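# Results of the structural survey
Here are the chains, one letter per residue:
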Amino acid sequence: MRFFYTIIFVAITVNQATAQLNPYNYNNIKLSDDQKNIVVSAHALASDAGVQMLQLGGNAFDAAIATQLALAVVYPGAGNIGGGGFLVAHTAKGENIALDYREVAPASANKDMYLDDKGNPITLLSMQGHLASGVPGTVAGLFATLPYAKLPFTTLIAPAIKLAKEGFAVTAAQAADFNNSKAVFEKNNKQPVAFVKAIAWKAGDTLIQPQLAATLQRISDFGLKGFYEGTTATMIVNAMQKNNGIISLSDLKNYTVKKRVVMKFGYKGYDIVTMPLPSSGGIILQQLLKMTALKNLASKPFQSTASVQLITEAERLAFADRAEYLGDPDFVKVPVTTLVSDGYLKKRIANYTEGKPGKSSNTTAGIIKESEQTTHISIIDAAGNAVAVTTTLNDHFGSKTIIDGAGFIMNNEMDDFSVKPGVPNMYGAIGNDKNAIAPGKRMLSSMTPTIVLKNNQPFMVVGTPGGTTIPTSVFQTIVNVIDYKLSPQNAVNQPKFHHQWLPDVVYVENDYPQTTINNLTKMGYTVTVRGNIGRTELIVIDNKQKTVHAVADKRGDDDVRGY
Ligand code: DON
């Protein structure tokens, strides 16, 4: 009898340890309270893949790897192996880590590659098709994360392989997404692709991706070489050669991840740990927090005309600097120390006057005397590790090209370079020679995976997609929690707004308070109502109150899971 009970107990334990969602029947969970092991991501099946690893004895890094791989299968618009990303982490031992696995320009790329004979930009070329892709960094990034993880890579990739091979039920949003993208997939791919079918997709339909499953299996079997060399690399290069692309075998073999020094700075008794260049995100976040603090943002009520105006003016200045000064620090000199210094920012915001709108046409970068689609994951584990990853194909479904035979979508990250000084990219961001294309160079990003520490312990893990709206959304989430004391749920779900110098427009989500919009308009601002800004995944750990709250953004299928 005793023996019988023991066996049952073991069976139940094993079953729980490997509990996994039914891929054909799952719901989204939006909030988690007081769990110690948490994964928040854009898709329930990806959050679940991460939690499976935590339950198998892995840590937050194991979960980050498994969740990214699962996203490449279940959230193909942004989750990826054909793109790139950034990881910011704070380990249980107190180390702060920044991994840069951003795409790079291929060796035969050049500054004028998206210009016609007359020097005019052919904008679609950097956005769609094989020539739009940078050399992917994600798979190398996952292997650079592995030394911090505990489980074998073969275990971490297993859920993704299973989901690709056996399929899963698509959500209503995904069905609509595939239907809307049908024409553009057909235009950019000669072969049949898994996301296109003759009759319209509907919620609950199964997506099976056998070619992607085989690619993931090669990565499982051969590690880095399963992607950057051998069969997969050959498939990538064949697709490039047939379609006017330029990524070569040596581009793939030479790709390297860069371990960066995190950008760390103090804010009202907290330490913000975030991504340095080649993301502009950390610099913009730091500039915004410091400039708005100088003008006492916290004293201006949440969503009031005065608070929106102050933030808008700070954003105008930060984005003017972005356009003028920022680029890949391994290629161009960027005056980072000055750009984030208290003295410089004090001068920058000095002209701000409440009630008086600035103008982008007469706002330039500061003078320094010195030589939709992305996705974010926030994770914590009970041991005290916190991981924030933002990863991207750039646009939704990247370059809209799927590597023939390998079944994965390639990025269109080349559009994040400045194709010509003053010509806006797909997010309206402008740049100059600092962000011009050069072989092996990383394109400037806005991705801002961020960890906020209190007494050297994780307090917030936060990040979002959204192109240039990323740093302004991360900024709003941080001040919503720290300055406005909103609940984590409200900090994420309350409507957001955005300004980026050019165009000279304040964008607001459609549920932004109308009185504030009216007041700003009366004052002289151009206010444009737009769709969703960001899909923020937030974890807040309050050691004083002994509470943990995690929030998956209401704006999508985002999901939080834990135990
Ligand atoms: O790195 C960047 O800043 C962009 N490629 C991010 C694109 C993005 O967030 C699209 N998401 N909606």
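Sequence order as written defines residue numbering, which begins from 1 separately in each chain. In keeping with the predicted nature of the model, local features appear solely for residues at pLDDT of at least 70, side-chain atom pairs appear and are counted solely at 80 or more, and the whole-chain, interface and lining totals rest on all residues. The side-chain figures draw on all heavy atoms in the structure; neither hydrogens nor water molecules are used.

The name an unreviewed UniProt entry gives the protein is Glutathione hydrolase proenzyme, with Ferruginibacter yonginensis as the organism. Reading the Pathway (unreviewed entry) entry of the UniProt record for the protein gives the comment "Sulfur metabolism; glutathione metabolism." According to UniProt, the comment filed for the protein under the heading Subunit (unreviewed entry) is "This enzyme consists of two polypeptide chains, which are synthesized in precursor form from a single polypeptide." UniProt positions are given in the numbering used here, feature names are shortened, and annotations may be inferred rather than shown by experiment.

Counting from the N terminus, the helices are the DSSP runs of H or I reaching at least four residues and the strands are the DSSP runs of E reaching at least two. Counting through the fold element by element, Ala 233 comes out in helix H9 (residues 230-242). Spatially, the C-alpha atoms of Ala 233 and Phe 178 are 27 Å apart, while their sequence positions differ by 55 residues. In what follows, a contact means two residues having at least one pair of non-hydrogen atoms within 4.5 Å. Setting aside residues up to four positions removed in sequence, Ala 233 forms contacts with Phe 227, Tyr 228, Leu 249 and Leu 252.

This brings us to the nonpolar core. The tendency in soluble globular proteins is for nonpolar side chains to be buried side by side. Only buried Ala, Val, Leu, Ile, Met, Phe, Trp, Tyr and Cys residues count toward a nonpolar core, and they belong to the same one when joined by side-chain atoms within 4.5 Å. Working definition: with a 1.4 Å probe on protein chains only, accessible area under 20% of the residue-type maximum means buried, over 50% means exposed, and in between means partly exposed. Membership of the largest hydrophobic core comes to 82 residues, with the highest contact counts inside it found for Leu 289, Ile 478 and Ile 539. Broken down by element, this core gets its largest block of residues, ten residues, from helix H12 (residues 305-325). Excluding its chain neighbours within four sequence positions, the residues that come into contact with Ile 478 are Ile 272, Leu 285, Leu 289, Thr 450, Val 452, Met 460 and Asp 483. In terms of nonpolar packing, the next biggest core, distinct from the first, is built from 81 residues, Ala 49, Ala 70, Leu 71 and Val 74 among them.

Moving on, we come to unusual backbone geometry. Residue Leu 277 is joined to Pro 278 through a cis peptide bond whose omega torsion reads 15°. Secondary-structure assignment places Pro 278 in the loop between strand E9 (270-274) and helix H11 (281-294). The residue after Leu 502, namely Pro 503, is reached through a cis peptide bond having omega 0°. Topologically, Pro 503 is positioned in the loop between strand E14 (497-498) and strand E15 (506-509).

With that out of the way, let us pick up helix H5 (residues 153-166). With 14 residues, H5 extends 20 Å between its outermost C-alpha atoms, agreeing within 8% with the 20 Å of an ideal straight helix rising 1.5 Å per residue. We define the bend at any residue as the angle between the axes fitted to the seven residues before and including it, ending there, and the seven starting there. Maximum bend of H5: about 30°, positioned at Pro 159. Among the residues of H5, those classed as buried are Phe 153, Leu 156, Ile 157, Pro 159, Ala 160, Ile 161, Leu 163 and Ala 164. For H5, the elements touching its buried residues are helix H2 (44-55), helix H3 (60-74), helix H4 (138-145), strand E5 (168-169), strand E6 (206-207) and helix H7 (210-222). Trailing H5 by a residue or two, Gly 167 shows a phi angle of about 90°, which is positive. In this analysis, the expected span of each helix is defined as 1.5 Å times one less than the number of residues it contains.

One way to see where empty space is left: roll a probe the size of a water molecule over the atoms. Empty space within the largest pocket amounts to approximately 530 Å³. In this analysis a 1.4 Å probe is tested at points of a 1 Å grid over the protein atoms alone, and where it fits but cannot get out there is a cavity; an open set with protein on both sides within 12 Å along at least five of seven lines is a pocket; lining residues have an atom within 4 Å of a point. Along the walls of the largest pocket sit 22 residues, with Leu 317, Lys 347, Arg 348, Asn 351 and Thr 363 positioned nearest its centre. Of all elements in the fold, only H12 and helix H14 (342-349) reach the threshold of two or more residues within the lining of the largest pocket. In terms of residue count, the dominant contributor to the lining of the largest pocket is H14 (four residues). A volume near 450 Å³ is recorded for the second largest pocket. As for the second largest pocket, its lining consists of 19 residues, and the residues nearest its centre are Tyr 270, Phe 459, Ile 541, Asp 542 and Gln 545. Every element with two or more residues in the lining of the second largest pocket is listed here: strand E13 (457-463), helix H15 (469-482), strand E17 (537-542) and strand E18 (547-552). Grid points are joined across faces, edges and corners, and a volume is the space filled by probe spheres set on the points.

The next subject is the side chain of His 499. By the element assignment, His 499 lies in the loop between E14 and E15. Exposure remark for His 499: the relative accessible area of 0% places this residue in the buried category. In the analysis that follows, any N or O atom pair within 3.5 Å is treated as a polar contact, provided that within protein one partner can donate a hydrogen and the other can accept it, and provided that, for residues neighboring in sequence, both atoms belong to side chains. Here Val 505 takes part through its backbone oxygen, which lies 2.8 Å from a polar atom of the side chain of His 499. Non-local contacts of His 499, meaning those with residues more than four positions away in its chain, are made with Thr 312, Glu 315, Arg 316, Phe 319, Ser 360, Thr 472, Asp 504, Val 505 and Val 506.

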